[in-house]
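Secondary and tertiary structure notes
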Amino acid sequence: MPIRRVFINWRRPALEQTAEWLCNQYATSAGIDLQSAIVALPGGRAGRRLLELLVARAEQLGKPLVPPKIVTVGKLPEELYVLKKPTAGSLAQQLAWVQALRSLTAKQLEPLVPHLPADDDLEAWLALARMLVRLHTELASARLDFAQVEKHGRRLPDFDESGRWQTLAKVQERYLRVLDDLELWDLQTARLYAIEHGEGRTDSDVYVVGAVDLDQAQRAMLEAVADRVTAVIFAPEADADRFDAHGCLLPAAWVGQPIPLAAGQVVVAQQPADQADAVVTALAAWQGRYAAEDITIGVADPSLVPDIQQRLEEYELKARYGAGEALTRTGPYRLLEAVAVYLERRSFETLAALVRHPAVDAWLVGKMPECDWLSLLDAYATRHLPAELNGKWLGSSHRREPLQKLEKAINELTRPLTGKARPLTEWSQPILELLATIYASRPLDREVEADRVLIAACSEIRETLDEQQQIDARLSGKVSAGQAVDLLLGQLASKTIPPPTDASAIELLGWLELPLDDAPALLVTGFNEGLVPSAHTSDLFLPNELRRTLGLEDNDRRYARDVYALSMLLASRPELKLVAGRRTADGDPLLPSRLLLACEGAELARRTKAFFSPQHARHSPQVPKRLKPGPRRAFDVPHPRPLAEPVTKMRVTEFRDYLACPYRYYLRHCLGLESLSDRVVELQANQFGSLVHDVLRDFGRGGAADASDEQAIADWLDGALAAAVEQSFGTRPLAAVAVQVEQLRLRLHAFARWQAAWRAEGWKIAHVECAFDDKPVPFLVDGEPMLLTGRIDRIDVHEPSGRWMVFDYKTADSPKTPDEAHRREGGWLDLQLPLYRQLVGALSAPADLGLGYIVLPKAVAKAGLCEAPWTAEELVTAEAAAAQVIRAIRDEVFWPPVSPPPAFCEDFAAICQDGQFAAAAGALEPEESWS
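To start, this report covers the structure provided alongside it. (Residues numbered from 1 in each chain as written. Predicted model: local features only at pLDDT ≥ 70, side-chain atom pairs only at ≥ 80, totals over all residues. Heavy atoms only, no water.)

Side note on the overall build of the protein
Cut-off, in case you're wondering: Helix and strand assignments come from DSSP, with helices taken as H or I runs of at least 4 residues and strands as E runs of at least 2, each series counted from the N terminus. For this analysis, residues touch if any pair of their heavy atoms sits within 4.5 Å. Accessible surface area values rest on a Shrake-Rupley calculation with a 1.4 Å probe, where residue burial reflects the displayed protein chains alone. This count recognises Lys and Arg as positive and Asp and Glu as negative, with His and chain-terminal groups excluded. Just so you know, the charge point we use is NZ for Lys, CZ for Arg, CG for Asp and CD for Glu.
Secondary structure assignment for the protein yields 33 helices and 28 strands. Judged by the C-alpha coordinates and their principal axes, the protein covers about 120 × 70 × 60 Å. Sequence separation of 24 or more characterises 77% of the internal contacts of the protein that already satisfy a separation of 6 or more. Looking at the protein as shown, the accessible area adds up to about 44400 Å², and 51% of this sits on carbon and sulfur atoms. A gap of 2 Å separates the mean positions of the 103 positive and 129 negative side-chain charges of the protein.

Here it is as structure tokens:
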């Protein structure tokens, strides 16, 4: 007896009509008893909604309801036969594939994998296993194994993959043997066995609802119980010849179907943010005719979800993404991820990443509240660029000791996950203990969204660990703690945390869920080629032509499925709007979905022109007043606040900062803000310069300062450089640092040549690192002193004449001359060297005073003196400029920020929002309607 087909017209919501039809089929005077029925739907959400509608229909009829068993189509086969053995879970399958692969020699596997992973690289082996799981599962759905693919493939012209598929067949045979030895069953193979041996049977009535693209295994299973099966098809009965005996689409009957689209039904938007604007505009255009529960937003491209949610939130509209939050984004997952990396590498970088996790930071604060761990680590990384973590912290004791305590605390936290490799099942409890240590210290409230997500994530982790406990030790072998955590993370990677139920929120659903959704108003975003329909064009093992030969899902089947889905949406929705984007978030161009171009003649030309028309300037979404945006959440640059105390002391280097930007001067010098990072991988310009300064400071104070022999000076500098590097960066610095040190050595040797000649001319070092911090020099402005401080790198005296030279060391690759650095078009940019004259006045300096740089550039031949050319009159104008700066600072003139920002103020780019609004001025396009 063939499967019964029932057609339900798609002019009304599909599930609502299904609930009515089922209730009518099973209604008696005593009630509605569906206990003997199994209802299979394409997705879990559709099943939950059908149950709600059945309950509502029964209440409407005033009859008691005994609901049916509702399952997804993917799980329906297990309702129709009896499993003789327990099935292997996903991780057990992957490990079995790994064991099967490893049972063959490298020579045997060469047609499949020319270069095998290392024996201890479990993650690489699992990556191969996951690829084989996917291949095995898809082929089994077509009732095929790897050996049969090779036989079918030989019928194709130019098929040269026989060797690869023969190897795959050997691996598959070993895989099934591994599971058989463990008395486990592969789910896909179990289904095929049940089909081949006629084991399908049921006493229930089976209803397959809205499943228009069943695979071969599902079809065969239904055929075994065909007399109990009804396929519920949503389409006019006049279209019956476009569906096969199983209620599935006949692709040839749908591929060429034109799709009628009304004027204004398609919107073209430029960027993802513009698609979100189009959503808001469409919602506003409905003028409040639909409540939130009557609106659905389809997201063919999940990457659009954050933009849409953010835009709706700005208009105080709630949104609920049915797919939920990826578990990979939750705190517990990221904690385990950081722990796994730390256990495997134990470097400063991995320690800093672990401490940066908010929950670990909170745990550390609870143990040792006196320390700001993140700032300590960032400062240490910036200062020392650590290459390894060996317990030997650098720097002074007051900086080392907190970091030693930190490392000890982290090692105690992770101690349960250390030691020799063990069976996988023995790592579950230590992993749970670590999570408990971090998260069990504070009470959690399920009503608080962050706590709800945390609880759900920990529950998923525990359930997955419980599943791992069932894995036979013969399958998992012994693994390290890091590998155990990696295996756990691999199992969790595809899981999500469902959002809480909220009737006041607009639902966001994926494309495949939309046909069975019953909201009357629907917006579909991301309506672009490659998304609707999706396409497999470069499958490594199963290209489209081979797929068609094997009867697998191919491009024609996907296209037919999406034509049917769009036709159903057009027929059943009072409101439907499709939004297509022109570009991705990265700026890559997009094409419109072929479904939007499923027409002919003038209409095809009109739709094509509408999508590819020239761009226009972007504008804000046109939203009626009744849909007002909520409070702005943009970050505004904070204005300066009145200073608690006036500025009475300034370093001579501060004047440059104020002249460049008064606001950034305020951030740096009045508020004391600075940027720290643990991402530094090489010496920054200031660190490179500091290292040079340290070496030359020691040189000026050492016994070689008076030498005039180039080699003696160079040898002394080499020794001082080695000592300075070891003190700052340890005995094994980063490779990049080692290269930079050698570059620095070349510059110091060039300095040695210049210094020897300079000393021979009669110049002698008189002062080195001459500091005025403890004894500031007053600089009178309007009768009130501003105390100047600073540190002069070096002062030399010419012994024959008594003339002084005041120097600053400069190590830029291409250093500017003093005049280039201090002045532009007659105006002063920097006042450091001119103000040195004020400082050295306290040293009774002579009137004949020179100012300049000792430059150590990348072009070492140019190393040496670069003297400032300023006249006495020009230096007077510099002092006047300094007085003006002091007056402005006394008046607290710190606003507005200079734009564009100065080149040396990147530290404050985030606060000043540098470059954040450049896109708004660009030539972007608004949404356009195909009207």
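Moving on from the coordinates now.
A short note on the side chain of Q218
As for its position among the elements, Q218 is in helix α9 (residues 216-224). Residues within four places of Q218 in sequence aside, it is in contact with V73, G74 and P77.

With respect to empty space enclosed by the protein
To be explicit about the condition: Cavity means a closed set of points on a 1 Å grid over the protein atoms alone, one where a 1.4 Å probe fits but cannot get out, pocket means an open set with protein on both sides within 12 Å along at least 5 of 7 lines, and lining means a residue has an atom within 4 Å of a point. Grid points are joined across faces, edges and corners, and a volume is the space filled by probe spheres set on the points. Residue classes follow a fixed rule: Ala, Val, Leu, Ile, Met, Phe, Trp, Tyr, Cys and Pro count as nonpolar, while Asp, Glu, Lys and Arg count as charged, and any other residue, Gly among them, counts as polar.
Taken as a whole and assessed by the stated rule, the structure comprises 3 cavities of 30 Å³ or more. Surrounding the largest cavity, V73, L76, P77, L80, V208, L214, Q218, M221 and L222 form its lining. By residue number, the principal contributor to the lining of the largest cavity is α9, which donates 3 residues. Considered class by class, the residues forming the lining of the largest cavity number 8 nonpolar, 1 polar and no charged. Along its surface, the second largest cavity is lined by Y81, V82, L83, K84, W185, A190, Y193, A194 and E199. Looking at the lining of the second largest cavity, its residues break down into 7 nonpolar, no polar and 2 charged.

Points about the sheet that holds strand β6 (residues 205-209)
Short version of the rule: The rule for pairing is simple: two strands pair if DSSP sees at least two bridges between them. Every angle, taken between N-to-C directions, lies between 0 and 180 degrees, and every axis is a line fitted to C-alpha atoms, over only the stretch in contact when it is a helix.
Strand order across the open sheet formed by 5 strands is β1-β7-β6-β3-β5, with parallel pairing between neighbours. The open sheet terminates on both sides in strands that have one partner only, identified here as β1 (4-8) and β5 (69-72). Taking the axes of each pair of neighbouring strands and ignoring which way they run, one obtains an average angle of 25 degrees across the sheet. The sheet contact formed by strand β3 (residues 37-41) and β6 spans 4 bridges and is parallel. Each bridged residue has a counterpart across the sheet, and for A40 the counterpart in β6 is V208.

Points about the sheet that holds strand β23 (residues 804-810)
Reading across the sheet, the 5 strands line up as β19-β22-β23-β26-β27 and stay open at both edges, with mixed pairing between neighbours. This sheet does not close on itself; its edge strands, each paired only once, are β19 (763-771) and β27 (864-867). Along the sheet, successive strands turn relative to each other by an average axial angle of 35 degrees, direction set aside. Pairing of β19 with strand β22 (residues 791-798), which is carried by 7 bridges, proceeds in the antiparallel orientation. From the neighbouring strand, C770 faces β22, where its bridge partner is I792. This element, helix α27 (residues 685-701), spans β19, β22 and β23 of the sheet and lies at about 125 degrees to β19.

Description of the nonpolar core
Heads up, the condition is: Among the buried residues, those of types Ala, Val, Leu, Ile, Met, Phe, Trp, Tyr and Cys that are joined through side-chain atoms within 4.5 Å form a nonpolar core. Working definition: with a 1.4 Å probe on protein chains only, accessible area under 20% of the residue-type maximum means buried, over 50% means exposed, and in between means partly exposed.
By size, the foremost hydrophobic cluster in this structure holds 96 residues, and its most contacted members are L139, W165, L335, L336, L364, I410 and L542. In this structure, W165 is in contact with L135, L139, F146, V149, E150, F159, F541 and L542, ignoring residues within four places of it in sequence. Residues L53, I259, W511 and A598 belong to the second largest nonpolar core, which totals 86 residues.

Some words on the packing of aromatic side chains
How two aromatic rings sit relative to each other is given by the distance of their centres and the angle of their planes. To keep things clear, this is the line we draw: Planes of paired rings set the category: under 30 degrees apart is stacked, over 60 is edge-to-face and the rest tilted, where pairs are Phe, Tyr or Trp rings (Trp by its six-membered ring) whose centres lie within 6.5 Å.
Counted according to the given criterion, the structure contains 33 aromatic pairs. Look at Y658 and Y665: their rings are 5.5 Å apart centre to centre, the planes differ by 80 degrees, and that puts the pair in the edge-to-face class. The exposure classification of Y658 matches that of Y665, with both residues buried. Ring geometry for F699 versus F751: centroids 5.7 Å apart, planes at 90 degrees, classification edge-to-face.

Regarding the pattern of salt bridges
What counts here: When a carboxyl oxygen of Asp or Glu is within 4 Å of a side-chain nitrogen of Lys or Arg, the pair counts as a salt bridge.
Summed over all chains, the structure comprises 61 salt bridges. E388 serves as the salt-bridge partner of R732, at 3.4 Å between the closest nitrogen and oxygen. With R732 in the loop between α28 (710-729) and α29 (735-760) and E388 in the loop between α16 (373-384) and α17 (397-414), this pair connects stretches of sequence that are 344 residues apart. Judged by its relative accessible area of 30%, E388 is partly exposed. Across the pair R887 and D782 runs a salt bridge, and its minimum N-O distance is 2.8 Å. Linking R887 in helix α32 (residues 872-890) with D782 in the loop between β20 (777-781) and β21 (784-789), this pair joins segments that are 105 residues apart in sequence. Relative accessible area serves as the criterion here: at 28%, R887 is assigned to the partly exposed category. Residue D782 is classed as exposed on the basis of its relative accessible area of 57%. Three or more residues joined by partner-sharing salt bridges are found here, namely R651, E769, D773 and R791.

Some remarks on helix α12 (residues 305-314)
Basically, it comes down to this: As used here, the arc belongs to the directions running from the helix axis to the C-beta atoms.
All of the buried residues in α12 are V305, I308, R311 and L312. Down the axis of α12, the buried set is contained in an arc of 135 degrees. They therefore lie on one face. Lining the buried residues of α12 we find α11 (272-285), β9 (295-299), β10 (319-321), β15 (506-509) and β16 (521-525). With its phi angle positive at about 55 degrees, E316 sits one or two positions after the end of α12.

Quick notes on the packing of helix α1 (residues 14-26) against helix α2 (residues 44-61)
Two measures define how a pair of helices packs: the angle their axes make with one another and the distance between the axes. This is how it is decided: Here roughly perpendicular refers to angles of 65 to 115 degrees, roughly parallel to angles under 35, roughly antiparallel to angles over 145, and oblique to all remaining angles. Handedness of a helix crossing follows the sense of rotation of the near helix relative to the far helix, less than a right angle counterclockwise being left-handed and clockwise being right-handed.
Contact geometry for α1 and α2: axes closest at 9 Å, N-to-C directions at 55 degrees. Accordingly, the angle class assigned to the pair α1 and α2 is oblique. Seen along the crossing, α1 lies across α2 with a hand that is right-handed. Facing L15, E16, T18, A19, E20, L22, C23 and N24 of α1, the residues of α2 in contact are A46, R49, L50, L53, L54, R57 and L61. When the residues that make up the contact of α1 with α2 are grouped by side-chain class, the tally is 9 nonpolar, 2 polar and 4 charged.

Notes on the environment of T811
Its location among the elements puts T811 in the loop between β23 and α30 (818-822). Looking at T811, the relative accessible area reads 12%, which means it is buried. Counting along the chain gives 125 residues from T811 to N686, while the straight-line C-alpha distance between them is 9.1 Å. Once residues lying within four places of it in the same chain are set aside, the contact partners of T811 are F688, G689, V692, R747 and L856.

A word on the environment of V149
Positionally, V149 belongs in helix α6 (residues 146-153). Sequence separation between V149 and A580 is 431 residues, and the spatial gap between their C-alpha atoms is 38 Å. Look past the residues within four positions of V149 in its chain and what remains in contact with it is L139, W165, L546 and L550.

A short note on unusual backbone geometry
The step from V532 to P533 runs through a cis peptide bond, and the omega angle for that step is -5 degrees. On the secondary structure map, P533 appears in the loop between β16 and α22 (544-550). Cis geometry is adopted by the peptide bond preceding P900, which originates at S899 and carries an omega value of 0 degrees. As for its placement among the helices and strands, P900 is situated in the loop between α32 and α33 (909-912). If you check the backbone angles, L385 has positive phi at about 45 degrees while not being a glycine. In this structure, L385 sits in the loop between α16 and α17. Look at L385 and you get buried, because its relative accessible area is 1%. Positive phi outside glycine occurs at Q913, with the angle close to 55 degrees.

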